[in-house]
Amino acid sequence: MNGNTTKVIKISDLYNDDIQYACDILKNGGLVAFPTETVYGLGACALNPEAVKKIFEVKGRPQDNPLIVHLASFEQVNEVAYVEEKYVNVIKRLTPGPVTFVLKKKSIIPPEVTAGLDTVGVRIPAHPIAQRLAQCAGPIAAPSANLSGKPSPTDAKSVIEDLFGLVECIIDAGESAFGIESTIIDLTKEKPLVLRPGPITIEELNEIFKEFGGVEFYVPKADEKPLAPGMKYRHYAPEKTLKMVEPEKIQEYANKDVLILCTLETCEKYLKDAKNIHIIGEYARPYTIAQNLYKSLRLVDKSPYPEAVIEKLPEEGIFFSIMNRIKKAVSKF
Ligand code: TXA
Ligand code: MG
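Residues numbered from 1 in each chain as written. Chains lettered and ligands numbered in written order. Predicted model: local features only at pLDDT ≥ 70, side-chain atom pairs only at ≥ 80, totals over all residues. Heavy atoms only, no water.

Description of the sheet that holds strand β13 (residues 241-245)
Note the threshold: Paired strands, in this sense, are two strands between which DSSP finds at least two bridges. Secondary structure counts use DSSP, requiring at least four H or I residues in a row for a helix and at least two E residues in a row for a strand, with both numbered from the N terminus. Axis lines are fitted to C-alpha atoms, over the contacting stretch for helices. Their N-to-C directions set the angle, which ranges from 0 to 180 degrees.
Here we have four strands laid out as an open sheet, ordered β13-β16-β14-β15, and parallel in their pairing. Each having just a single partner strand, β13 and β15 (277-281) make up the two edges of the open sheet. Within this sheet the neighbouring strands show an average axis-to-axis angle of 25°, counted without direction. As paired elements, strand β14 (residues 258-263) and β15 share four bridges and run parallel to each other.

What follows is the structure, encoded as structure tokens:
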């Protein structure tokens, strides 16, 4: 990047000059942070190895962690990867949406994108701005638009915190709807294998992949290189100590020098008179928790409290994906 000013643009009109401006940056090998329905992405032209390398530099991302390729339509998937006929219908059913498929890659995708793997993660985002960018300047390689190790950004403010001065352009389109990254499904194995839980739940996928006997959930063995290389890295964890606590035990922290991250319901039941609370969403509406989670985790380091606790949640449905992130955030490794 020449100089170090980043243009931040608010998008109110989809087919406006600002979108064209962002597309031109991508086509010319620059980096654009853009909204998707999961989290914000940091995009580069996927067919330009030099541009892709910049993503790794800017984020401080380990070289062995492959990037997801963002596309506008199912037709574009065939340009970058091989799709087994038996999976065409399920892919069409789940896209556009918050899901990534790992497929055998075609040679058009350079090894810089896939960290040398012979597979590529493809995603067709539903967000209209991501769609439009992929139409005009796709395919777009994009990891989440955070510095490596930090929580993914779910609004432009968080992107600006991490990347201002490091990228050409940041598109501000408000808050991401889901707030956690896409569900990743590997379709190159014997059975569809969920590598990362996300907004599309395992229960939903078992229904959608019924004719294939449902999906398996991948748990890396201790001595094994994980199939989604990114899953082995420390993620989301604040600098300060963060512990997970059962809701029944959370009142021990009321009005102590600890920030409490909890659901509205737990707050009302156990913490009525406490001041040191940040509400992460409603237990009865768990997608609100997903949407607020990363902003809440970023708050831990910003708050005046020296440490924090977060409420332990159940592990079914969307809660399972939320707990996957919380467990990473409370682990130091
Ligand atoms: O929702 C999302 O997926 C967001 C938005 C921006 O699309 N992107 C995202 O990218 O979360 P990133 O780079 O933060 O996470 C991608 C994950 C990493 O864990 C990476 O290892 C895995 O996907 N991955 C990418 N390509 C893969 C492949 N070919 N095989 C296995 N895992 C792959
Ligand atoms: Mg990420």
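What to know about the domain arrangement of the protein chain
We count it as follows: For the domains described, the bounds stem from an automatic or database domain assignment. Take the accessible area each of two parts loses on contact, using a 1.4 Å probe, and add the two losses: that sum is the buried area. Salt-bridge detection follows one rule: a side-chain nitrogen of Lys or Arg within 4 Å of a carboxyl oxygen of Asp or Glu. By the criterion applied in these results, polar contacts are pairs of N or O atoms within 3.5 Å in which, for protein atoms, one can donate a hydrogen and the other can accept it, and in which residues neighboring in sequence qualify only through two side-chain atoms.
Domains assigned within the protein chain are domain 1 (7-217) and domain 2 (241-330). For the domain 1 face of the interface with domain 2, the top three residues by lost area are P151, I180 and P197, together amounting to 29%. The tally of links from domain 1 across to domain 2 stands at six salt bridges. Across the salt bridge formed by D162 and R298, the nearest N and O atoms sit 3.1 Å from each other. Counting the contacts that link domain 1 with domain 2 gives 13 residue pairs in polar contact (both at pLDDT 80 or more). Taken together, the elements giving at least two residues each to the side of domain 1 that touches domain 2 come down to α7 (156-163) and α8 (202-208). The dominant element in the side of domain 1 that touches domain 2, judged by the number of residues it contributes, is α7, at four residues.

Points about the packing of helix α1 (residues 17-27) against helix α6 (residues 128-137)
Our working rule: Should an angle fall under 35 degrees it is taken as roughly parallel, and over 145 as roughly antiparallel, whereas 65 to 115 is taken as roughly perpendicular and any remaining angle as oblique. Throughout, a crossing is termed right-handed when the near helix is turned clockwise from the far one, and left-handed when it is turned anticlockwise from it by less than a right angle. Pairs of residues are marked as contacts when any of their non-hydrogen atoms sit within 4.5 Å. Gly counts as polar in this scheme, as do all residues outside two lists: the nonpolar Ala, Val, Leu, Ile, Met, Phe, Trp, Tyr, Cys and Pro, and the charged Asp, Glu, Lys and Arg.
Put simply, α1 and α6 touch, their axes get as near as 9 Å, and they point 50° apart. The orientation of α1 with respect to α6, classified from their angle, is oblique. Helix-helix and strand crossings are classified by hand; for α1 and α6 the assignment is right-handed. Only I129, R132, L133, C136 and A137 of α6 make contact with α1, whose side of the interface consists of I19, Q20, A22, C23, L26 and K27. Residue composition of the contact of α1 with α6, grouped by class: eight nonpolar, one polar and two charged.

Things to note about the nonpolar core
A general feature of soluble globular proteins is that nonpolar side chains tend to end up buried together. Let me state the cut-off plainly: The set of buried Ala, Val, Leu, Ile, Met, Phe, Trp, Tyr and Cys residues whose side-chain atoms join them within 4.5 Å is what this entry labels a nonpolar core. The cut-offs for exposure are 20% and 50% of the maximum accessible area for each residue type, with area from a 1.4 Å probe on protein chains only; residues under the lower value are buried, those over the upper are exposed, and the others partly exposed.
With 49 residues, the main nonpolar core has L42, L94, F101 and F209 as its most contacted residues. Counting only elements with at least two residues in this core, the list comes to β3 (41-45), α2 (49-59), α3 (74-80), α4 (88-94), β6 (99-105), β7 (119-123), α7 and α8. With five residues, the single largest contributor to this core is α2. If we skip the residues at most four places from it in the chain, F209 touches Y87, V90, L94, I185, L187, P192, G214 and V215.

Considerations on the layout of surface pockets
To be explicit about the condition: The definitions used throughout rest on a 1 Å grid laid over the protein atoms alone, on which a cavity is an enclosed set of points accommodating a 1.4 Å probe that cannot get out and a pocket is an open set flanked by protein within 12 Å on both sides along at least five of seven lines; lining residues are those having an atom within 4 Å of a point. Grid points are joined across faces, edges and corners, and a volume is the space filled by probe spheres set on the points.
In this model, the largest pocket occupies a volume close to 760 Å³. R61, N65, P66, I68 and I184 are, among the 48 residues lining the largest pocket, the residues nearest its centre. Counting residues per element, the ones that place at least two in the lining of the largest pocket are β4 (68-70), β6, β7, β10 (183-186) and β11 (193-196). For the lining of the largest pocket, the element with the highest residue contribution is β7, accounting for four residues. Looking at side-chain class alone, the lining of the largest pocket contains 20 nonpolar, 18 polar and 10 charged residues. Of the volumes computed, that of the second largest pocket is approximately 180 Å³. In terms of lining, the second largest pocket is formed by 15 residues, of which the most central are K150, P151, A237, P238 and D301. Counting residues per element, the lining of the second largest pocket draws most heavily on helix α10 (residues 286-302), at four residues. Here the lining of the second largest pocket spans two domains, since at least three of its residues come from each of domain 1 (7-217) and domain 2 (241-330).

Considerations on the packing of α10 against helix α11 (residues 318-330)
Across the interface, α10 lies against α11 with an axial gap of 9 Å and an inter-helix angle of 15°. It follows that α10 is roughly parallel to α11 by the angle criterion. When the axes of α10 and α11 are compared, the crossing they make is left-handed. Note on element contacts: α11 touches α10 through I318, F319, I322, R325, I326 and A329, opposite P286, Y287, I289, A290, L293, Y294 and L297. Looking at the contact of α10 with α11, its residues break down into 12 nonpolar, no polar and one charged.

Remarks on the site of ligand 1
Keep this limit in mind: Here a residue is near a molecule or strand as soon as one of its heavy atoms is found within 4 Å of it. All accessible-area figures derive from a Shrake-Rupley calculation using a 1.4 Å probe, and residue coverage is judged against the displayed protein chains alone. Put plainly, a molecule is in a cavity or pocket when over half of its atoms are within 2 Å of the grid points there.
Around ligand 1, 28 residues are found, and the nearest of them are T38, N65, H70, S182 and G230. Within the contact set of ligand 1, an oxygen atom lies 2.9 Å away from a side-chain nitrogen or oxygen of S144. A distance of 2.6 Å separates an oxygen atom of ligand 1 from a polar side-chain atom of S182. For ligand 1, whose free accessible area comes to 680 Å², the fraction covered by protein is 97%. For ligand 1, the cavity whose grid points lie within 2 Å of the majority of its atoms is the largest pocket. Every element with two or more residues in the shell around ligand 1 is listed here: β4, β7 and β11. In terms of residue count, the dominant contributor to the shell around ligand 1 is β7 (four residues). When its residues are assigned to classes, the shell around ligand 1 shows 15 nonpolar, nine polar and four charged.

Re the UniProt feature "binding site: L-threonine" (unreviewed entry) in the protein chain
The condition that has to hold: UniProt positions are given in the numbering used here, feature names are shortened, and annotations may be inferred rather than shown by experiment.
On the UniProt side, "binding site: L-threonine" (unreviewed entry) is annotated at positions that read T38, H70, R123, A142 and S182 here. Their sequence span is 145 residues, while the largest C-alpha to C-alpha distance among them is just 12.6 Å; these annotated residues converge on one region. When only the residues just named are considered, the largest pocket is lined by T38, H70, R123, A142 and S182. Within the element layout of this structure, R123 appears in strand β7. Setting aside its immediate chain neighbours within four residues, R123 contacts T36, E37, T38, I68, V69, H70, L71, G97, P98, V99, T100 and S182. A polar side-chain atom of R123 sits 2.9 Å from a polar atom in the side chain of T36. S182 sits in the buried class, given a relative accessible area of 2%. The contact partners of S182, leaving out residues within four places of it in the chain, are T38, I68, P98, V99, T100, R123, R196, P197, G198 and P199. At 2.8 Å, the side chain of S182 and the side chain of T100 are in polar contact.

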